[in-house]
Amino acid sequence: MWPGVALSLEIMETIYSKKSKFQQIDLYQTRHHGKMLVLDGIIQLTEFDEFTYQEMMTHLPLFSHPDPKSVLVIGGGDGGVLREIGRHDVVEKIDFCEIDEAVIAVSKKFLPELGCGFDDSRVNVHIGDGNAFIQKKINAYDVIIVDSSDPIGPGEVLFKKAFYEGLKNALKPGGIIATQGESIFMHQEWVGTLAGITRELFLVQAYANIYVPTYPGGNIGICMGSLGPKLVTPARQICQSIQDQLKYYTPQMHKAAFVLPYFAEKLLKES
Ligand code: 4ZY
């Protein structure tokens, strides 16, 4: 995905290394960034900065929705997004669909601060293809979060228009989606494609940019679509007890994440 570009992290120990039915799964102890999960050679998360992605992928859509009772997560076998959803008492049901159960097992065993997301009694785990799962759902969710890897390998189908049509049909009126939106620096074609699809299908479309030092370019986007609510400002207040558990998300960061550099604004408009 990034010819000629690399990030170096010193590895102290290989904790886990095995090929699952779908991909190569590696877990390393790094010298400075804690444990690091790698799928097919691509960094998925490090303990050092995973909070930025998990918090914003979750709290941007959940705080944009006035009353998110029913939530679906596709991908994200590490459990980090589930951990963040668990902080919202208003959520009653969390469906979760992940293709590779081996990722869940690795996270539960070796990354307990993420794997703990599966301990929430509201979570219903489905092992299988996210696209097949979504195409069977109509009018079912207030919020859908797609925590995919990149558009190569098992995640490829999650970047296609047919998948986004399925997401739209699976939403309840006024529902919101948030999907992994690649990088405005590293993957402008993908950013443009996702923005174009969501603009065509949804009433409201927005794209947030967040810092993730260990992702290519040091940043990643969150592509969002809404059937009603505004996305760039929170619809609900955050109570202090939730705020105190977070490290990245604040109502101010919510608004700031949608303010983009001029080249990215143009890219999104023209797509
Ligand atoms: N699932 C989050 C994620 C996003 C981008 C990349 C890897 C993992 N490259």
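Everything discussed here concerns the structure shown above.
Right, let's walk through the structure included here. (Residues numbered from 1 in each chain as written. Predicted model: local features only at pLDDT ≥ 70, side-chain atom pairs only at ≥ 80, totals over all residues. Heavy atoms only, no water.)

Right, let's talk about the overall build of the chain for a bit. For the chain, the count of helices and strands is 10 helices and 11 strands. In terms of overall size, the chain behaves like a compact globule, its C-alpha atoms giving a radius of gyration of 17 Å where 271 residues would be expected to give roughly 18 Å. Across the 271 residues that make up the chain, the buried fraction comes to 55%. Taking all contacts inside the chain whose residues are at least 6 apart in sequence as the whole, residues at least 24 apart take part in 68%. Put simply, the chain shows about 11700 Å² of open surface, and 53% of that area lies on carbon and sulfur atoms. For the chain, the centre of its 25 positive side-chain charges and the centre of its 32 negative side-chain charges are spaced 4 Å apart. (Helix = DSSP H or I, 4+ residues; strand = E, 2+ residues; numbered from the N terminus. Rg over C-alpha atoms; globule rule 2.2 N^0.38 Å. Buried < 20%, exposed > 50% of the residue type's maximum accessible area, 1.4 Å probe, protein only. Contact = heavy atoms within 4.5 Å. Areas by Shrake-Rupley, 256 points an atom, 1.4 Å probe, with all protein chains shown as cover. Lys, Arg positive; Asp, Glu negative; His and termini not counted. Charge placed at Lys NZ, Arg CZ, Asp CG, Glu CD.)

Taken together, Ile42, Ile43, Gln44, Tyr53, Asp147, Ser148, Asp150, Gln180, Tyr215 and Ile220 are the residues near the ligand. Asp147 is positioned such that a nitrogen or oxygen atom in its side chain is 2.8 Å from a nitrogen atom of the ligand. Within the side chain of Asp150, one N or O atom sits 2.8 Å away from a nitrogen atom of the ligand. Its free accessible area being 270 Å², the ligand has 97% of it covered by the protein chains. Its residues placed into classes, the shell around the ligand shows 5 nonpolar, 3 polar and 2 charged. (Near = heavy atom within 4 Å. Polar contact = N/O pair within 3.5 Å; in protein donor to acceptor, adjacent residues only side chain to side chain. Nonpolar A, V, L, I, M, F, W, Y, C, P; charged D, E, K, R; others polar.)

Moving on, we get to the side chain of His65. Take His65: it is sitting in the loop between α1 (50-64) and β5 (70-75). For His65, a relative accessible area of 6% puts it in the buried group.

Within a beta sheet, neighbouring strands are joined by backbone hydrogen bonds and run either parallel or antiparallel to one another. With mixed pairing, 7 strands are arranged side by side in an open sheet as β7-β6-β5-β8-β9-β11-β10. Bordering the open sheet on either side are β7 (123-127) and β10 (204-211), each of which pairs with just one other strand. Averaged over all adjacent pairs, the angle separating strand axes in this sheet is 15°, with direction ignored. Here strand β8 (residues 141-147) runs beside strand β9 (residues 171-180); their pairing, made up of 5 bridges, is parallel. Among the inter-strand pairings, Val143 is bridged to a residue of β9, identified as Ile176. The strands that α1 touches are β5, β8, β9, β10 and β11 (219-226); relative to β8, the one it contacts most, it runs at about 160°. (Pairing = 2+ DSSP bridges. Axes fitted to C-alpha atoms, helices over the stretch in contact; angles between N-to-C directions.)

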